Amino acid sequence: MLHNLYVDMMGEIEPFDGLEDLLSNFMKGLAPPPDLTVSQWADSSRILDKPFTKNRMRWRTDYVPYTREIMDCLSPSSPVKRVAWLKSAQVAGSETGNNWLGYTIAHHPGLLMLVNPTKSMVKRMSHRVQALIDSSDGLSDLVLPARVRDSKNTREMKQFPGGMILFVGANSGPDLRSYACPFLFFDEVDGMPNDVDNEGHPVAVAEARTFGQGEEYKIYLNSTPKIEQTSQIWKEWLRGDQRLYMMRCPHSDLLIDWQFKHLQLEEIGRPDSVFYQCPCGCGKRIVEGLSKTAMLRDGLWVPKIIRTDEDMFDRLNVDGDMYELKQFNAQSLERSYAINALYSPIGMMSWKRIMEQWEQAQGVYPLLKAFRNTVEGLPWKEIGDAPDAEVIWNRRSRVNRMRVVPSEVVMLTAGADIGQDHIEISVYGWGRRRQRWLIEHIRIDGAYNDKKTWDRLTDILERRYQHASGAIMAIRRLCIDRGKWTDTVDGWVNTQNERRVTAIKGYDKLEAPFRWAGQKKQHADGTQSQRKYSIKWAMVGVSYLKLELLGNLNLAREDEDTFPPGWLHLPEDVTLDWIKQLTGERRVYTTEKKTGVVKAYWEKISDRVEALDCTNYARAAAAMEGWDDWTDVEFQREEQHLREAAEDRRIKLYEYQQRNGGMGTIYDVVPGLVLPIEAPDFSKPDAGAMALNAPAPAPAAPPQPLVNAPDKPMVTTPAPEIGIVGCKPAMKSIPMPNFGSDEDDD
């Protein structure tokens, strides 16, 4: 039949081997594309397989109905040209794009560029696409296996009749510029660099490749957002028509969208008692297991222009009139969608798990940030400025003074910043709910290359503090900046217990409190040791820690009796000048005129910022001790150690006084102990002492003898060893080096 049809159209031809195949392919080429949308193809042909799903199964758009409109916008029959999806994690954003990719291979061949943030992600996505090809109906016949010679099926490309899929890393400018493409798929846009080869954002670079395609192009972008000030997917959301997925309330039949702020607990501390308090005015609760699936099935995407127009929204909401929505849809060529994890279907992210993650994130900067991005599906807005210094000074403690260690503190750390003629040290206490307390700030006046200066720092490291329970505490770890005078700092650090003293260097782009590093030992022949380090040091994420601190300083108290997680407690005698140093930098964002790239930097608003640096170094020291990951188990362990140390101190002091005729103070038992300084006039902003270089003051009252002490001559005996919380045994002993004049090392 095919032969006769061909003869009728083209005239008689001589039969030959393969003629039937030739005619079959010829007729396929003449046939119009099927009247099929991307979602219809996915329902009929897409099969999800392990390891990307728990069980092998067919794709069902009804399971994730909010993806239907997005997929169909990518169909050839849709006039929509640009689709951006601002989303939480695990809502099928990437799979929606993969369905478009499979449809392109099967029914609408052309050149499609799939852009991933990095080369390593390109490899993973290529493997995932190959699994899609192997498992879905009909695709494996169109894309030859990679093992076939000249199949052009590689990690970087998948070729099929009439088209090709290119896998590109967003960090490679030449790859982004390599082909003119009608179809672009950007996966996880916010993971991409903001600038590639000084040409601008990868989206702009790759999008220029569609300029020669006329109106025959489509662009799909999806991502979990990151930082609002630099988020590309947030910009795409604002550029589009800003659609929200709205559903009918099961009680009032009015349209609502799900937002995390309306998720509530029947009983505090029980995530399994979660429910959604409907905001439509019905006053009823929505239970996930009873209503979620039906609500999702009947939902629809509503653009901002209709949501914000009271009359249009009433006609849609109350009357169910779809006319204006359909009219707008016919004209909207650039669409943007937003969805959060509350919409995740039954069997994926549950509301119970969302509440568990929320409770775990309280007061933990990285977890709060991750929750905002991956659960709420919204960008994290970095707070670039601290409150006014006087506002912070006025909310300082009216109970605790410098050197007072409150009962909530379970660990002490310190941070030291080196200047040409001084060293400044901040000592901090750390407790539950990510709270911290400034215990003491010390300034040592002396040249950085003077041995006496470093001897005084060694003495300060041996200071002891009395906990509210009576336990004696030591500084568990000191972090000291090695960035400017590296050789001098490293020389001193090498004389200290490496379990208590760590040299550090700030790195602006490190998205963590710290990361260990090291400097290799040099052999006599100049080669480096492959195993041992001359000094183990750490990189500190200074921007990460500054942003965390700014967030903490911007916290507000709900009442006078409680402090929110992450609160920074300041003593009564802290100075206003010290707080100005603590808030002496702010985060500034600028947009380059040429490329449109947004860049961030820190701007000094105070001449001195030693307090800020010391605070962040002490915070890094706490992270090195594991404080960030402590659970109730670790805090109970530390609290038990304090109780034991308090009892040990009480017994040892009693025994000492008994042996010495009832005389003796805590100073006799604990050398190096520092107690609160005399209270100054706190009504003045400059009250208190910034430089606490004097030796520890004597007690205000004379030592008191024991009650009913025996009447016998006093014989002084040596002080007993006392348990100290935070002391670690030394691991090495190295002579102090000779200090010379180091060159500045910027």
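**Quick word on a negative patch on the surface**
Side chains of D309, E310, D311, D314, D319 and D321 sit close together on the surface and give a patch of like negative charge. Here D321 shows up in the loop between α12 (310-317) and α13 (323-331).

**Considering the packing of helix α14 (residues 351-361) against helix α15 (residues 365-374)**
Here α14 crosses α15 at 150°, and the two axes come no closer than 8 Å. With respect to their mutual orientation, α14 and α15 come out roughly antiparallel. Listed contacts from α15 to I354, Q357, W358, Q360 and A361 of α14 are L367, L368 and F371. Tallied by class, the residues present in the contact of α14 with α15 amount to 6 nonpolar, 2 polar and no charged.

**As for the nonpolar core**
The biggest cluster of nonpolar side chains holds 65 residues, and the ones touching the most others in it are I425, Y465, I480 and W578. Within the second largest apolar cluster, 61 residues are counted, among which are L74, Y343, M355 and V375.

**Regarding the pairing of strand β3 (residues 82-87)**
With 6 of 6 residues buried, β3 is to be regarded as a mostly interior element. Both β3 and strand β8 (residues 218-223) contribute to a ladder of 5 bridges, which runs parallel. Across the sheet, the residue bridging to A84 is L221, located in β8. One ladder, built from 6 bridges, connects β3 with strand β15 (residues 334-339); its direction is parallel. Among the inter-strand pairings, W85 is bridged to a residue of β15, identified as Y337.

**Focus: the environment of Y544**
When you line up the elements, Y544 lands in helix α19 (residues 542-553). With 30 residues separating them in the primary sequence, Y544 and F514 have C-alpha atoms 9.4 Å apart. Sequence-distant contacts of Y544, defined by excluding residues within four places in its chain, comprise Y365, P366, L510, E511, A512 and P513.

**Topic: the packing of aromatic side chains**
The description of two aromatic rings rests on the distance between their centres and on the angle between their planes. Across all of its chains, the model carries 23 aromatic pairs by this definition. Relative to W351, the ring of W258 lies with its centre 5.3 Å away and its plane at 90°, an arrangement referred to as edge-to-face. With W258 in the loop between β10 (255-256) and β11 (263-265) and W351 in helix α14, this pair connects stretches of sequence that are 93 residues apart. Across the pair, W351 and W258 agree in class, each one buried. When the ring of W630 is compared with that of F635, the centres are 5.4 Å apart and the planes differ by 90°; the resulting orientation is edge-to-face. F635 matches W630 in its accessibility class, with the two residues each being buried. An aromatic cluster is defined as three or more aromatic residues linked by ring pairs; in this entry it consists of Y66, W85, Y245, W258, Y276, W301, Y337, Y343 and W351. In this structure, R285 packs its charged tip against the face of F275, placed 4.0 Å from the ring centre. Above the plane of the ring of W627 lies R434, whose end atom (NZ or CZ) is 4.3 Å from the centre.

The rules behind these values
- Residues numbered from 1 in each chain as written.
- Predicted model: local features only at pLDDT ≥ 70, side-chain atom pairs only at ≥ 80, totals over all residues.
- Heavy atoms only, no water.
- Patch = residues over 30% accessible without salt bridge, like charges linked within 9 Å, V, L, I, M, F, W, Y side chains within 5 Å.
- Areas by Shrake-Rupley, 256 points an atom, 1.4 Å probe, with all protein chains shown as cover.
- Salt bridge = Lys/Arg side-chain N within 4 Å of Asp/Glu carboxyl O.
- Lys, Arg positive; Asp, Glu negative; His and termini not counted.
- Charge placed at Lys NZ, Arg CZ, Asp CG, Glu CD.
- Helix = DSSP H or I, 4+ residues; strand = E, 2+ residues; numbered from the N terminus.
- Axes fitted to C-alpha atoms, helices over the stretch in contact; angles between N-to-C directions.
- Parallel < 35°, antiparallel > 145°, perpendicular 65-115°, else oblique.
- Contact = heavy atoms within 4.5 Å.
- Nonpolar A, V, L, I, M, F, W, Y, C, P; charged D, E, K, R; others polar.
- Core = buried A, V, L, I, M, F, W, Y, C linked by side-chain atoms within 4.5 Å.
- Buried < 20%, exposed > 50% of the residue type's maximum accessible area, 1.4 Å probe, protein only.
- Pairing = 2+ DSSP bridges.
- Phe/Tyr/Trp six-rings, centres within 6.5 Å; stacked < 30°, edge-to-face > 60°.
- Lys NZ or Arg CZ within 6 Å of the ring centre and 35° of its normal.

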